[in-house]
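Residues per chain, in single letters:
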Amino acid sequence: MSANQLERITIEPTVAAKACVIWLHGLGDSGAGFAPVVPALGLGSEHSIRFIFPHAPEQAVTINGGYIMRAWYDIKSMDLHERADKQGVEQSEQQIIALIEEQIALGIPSENIVLAGFSQGGVMSLYTGLRLPHKLAGIMALSCYLPSGDSLPKGLSSVNRDTSILQHHGVEDDVVPVDAGQMAFELLQDAGFNTQWKTYNMAHNVLPEQLQDISLWLQSVLPYGK
């Protein structure tokens with residue numbers, strides 16, 4: 001693995017992989033935080049989906065007193081318009097694109113790749129997926145917001161305008177207000193993107209009921225979901 005490649009946890013299916021889910025974790029977590037969801041999705045033993053859980057690079061995070069932790073970008077303020085460090089977002093975007101292109105080179109068509117993420121990872125899945133020149137199977141954005149706040153990112157690609165986008169949020173989220181996620185959904189919807197929105201009675205986390213919904217969605221967008 002080269003120095004520019006993201007370290008990751010990879011969970012291979014029992015048969016040859018024909019599809020891939022790249023799942024990005026939240027601030028201060030690692031790929032290990034979401035790797036246990038794979039059996040919980042109940043996809044069955046014959047599915048052919050490779051799951052990749054990359055680790056974000058370690059960096060100082062301003063709102064946490066400069067403490068060094070895994071982060072896709074620095075958070076300098078809790079204000080939605082100033083929250084995401086633009087340079088950090090763009091650097092992580094390039095690493096995520098490289099990971100997608102690595103999978104394409106390994107024989108997984110981009111149309112069989114889902115880009116997913118939670119919190120900071122969801123911000124990155126939205127930002128990267130909306131600007132990506134490759135057609136994806138789906139984009140999943142859990143408990144997150146747009147890094148551009150109340151506007152869509154610049155440099156949007158039309159390639160994934162019809163791609164299924166799944167947006168979930170907890171109504172009791174005290175880390176990323178549900179209004180921020182709702183704003184992202186409405187901006188995407190108004191711009192003609194194929195997005196769906198659902199809220200759950202939860203805080204900044206993921207529920208078993210939600211994993212069932214995610215499993216059904218994955219099986220609907222990936223041709224090898226079962």
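Quick note: structure is the one above.
As the structure is a computational prediction, the values presented were derived from the model and not from experiment. Along each chain, residues carry numbers from 1 onward, in the same order as the chain's sequence is written. Only residues with pLDDT of at least 70 are given local features in this predicted model, and only at 80 or more are side-chain atom pairs given and counted; all residues enter the totals for whole chains, interfaces and linings. Side-chain measures were taken over the full set of non-hydrogen atoms in the model, leaving aside hydrogen atoms and water.

Student: Mind showing me how you'd approach the overall build of the protein here?
Tutor: Secondary structure elements follow DSSP: runs of H or I of four or more residues count as helices, runs of E of two or more count as strands, with numbering from the N terminus. What the protein contains, in helices and strands, is five helices and nine strands. Going from N to C terminus, the protein has its helices and strands arranged as β-β-α-β-β-β-α-β-α-β-β-α-β-α. Radius of gyration here uses only the C-alpha atoms, and the compact-globule reference equals 2.2 Å multiplied by the residue count raised to the power 0.38. The C-alpha atoms of the protein give 16 Å as radius of gyration, which agrees with the globular expectation for 226 residues (17 Å, within 12%). Across its three principal axes, the protein shows a C-alpha extent of roughly 45 × 40 × 35 Å. Split into buried and exposed, the 226 residues of the protein put 52% on the buried side. Whether two residues touch is decided by their heavy atoms; if any such pair falls within 4.5 Å, the residues are in contact. Considering only intrachain contacts with a sequence separation of at least 6, the fraction spanning at least 24 residues in the protein is 71%. In the form shown here, the protein has an accessible surface area of approximately 9700 Å², with 49% of it arising from carbon and sulfur atoms. Charged residues are defined here as Lys and Arg on the positive side and Asp and Glu on the negative side; His and the ends of the chain fall outside this count. Charge positions come from single atoms, namely NZ of Lys, CZ of Arg, CG of Asp or CD of Glu. Taken together, the 13 basic and 24 acidic charged side chains of the protein have centroids lying 7 Å from each other. Think of it in three bands: residues with accessible area under 20% of the maximum for their type are buried, residues over 50% are exposed, and the middle band is partly exposed, with areas taken using a 1.4 Å probe on protein chains only. We get accessible surface area from the Shrake-Rupley algorithm with a probe of 1.4 Å; when it comes to residues, only the shown protein chains can shield them.

Student: Explain the packing of helix α2 (residues 86-105) against helix α3 (residues 120-131) to me, please; I cannot follow it from the model alone.
Tutor: If you want to describe how two helices pack, look at the angle between their axes and the distance between the axes. Orientation is described by axes fitted as lines to C-alpha atoms, over the contacting stretch for helices, and by angles from 0 to 180 degrees between their N-to-C directions. At their nearest, the axes of α2 and α3 sit 10 Å apart, and the two run at 70° to each other. Judged by the angle between their axes, α2 and α3 are roughly perpendicular. Both α2 and α3 take part in a crossing whose hand is right-handed. Counted together, V89, E90, S92, E93, I96 and I97 of α2 and M124, Y127, T128 and R131 of α3 form the full contact between these two elements. Roughly parallel refers to an angle under 35 degrees, roughly antiparallel to one over 145, roughly perpendicular to one between 65 and 115, and oblique to any angle outside these ranges. Here a crossing is taken to be left-handed if its near helix is turned anticlockwise relative to the far helix by less than a right angle, and right-handed if that turn runs clockwise.

Student: Sorry if this is basic, but what is going on with the pairing of strand β9 (residues 195-200) here?
Tutor: The side chains of a regular strand alternate, first on one face of the sheet and then on the other. Of the strand pairs in this sheet, strand β8 (residues 164-170) and β9 are connected by six bridges, and their pairing is parallel. What sits directly across from L166, in β9, is Q196. With helix α4 (residues 178-190) bridging β8 and the parallel β9, this β-α-β connection has right-handed handedness. Only when DSSP finds a minimum of two bridges between them are two strands counted as paired. With the strands aimed away from the viewer, a crossover counts as right-handed if its path from the first strand over the helix to the second runs clockwise.

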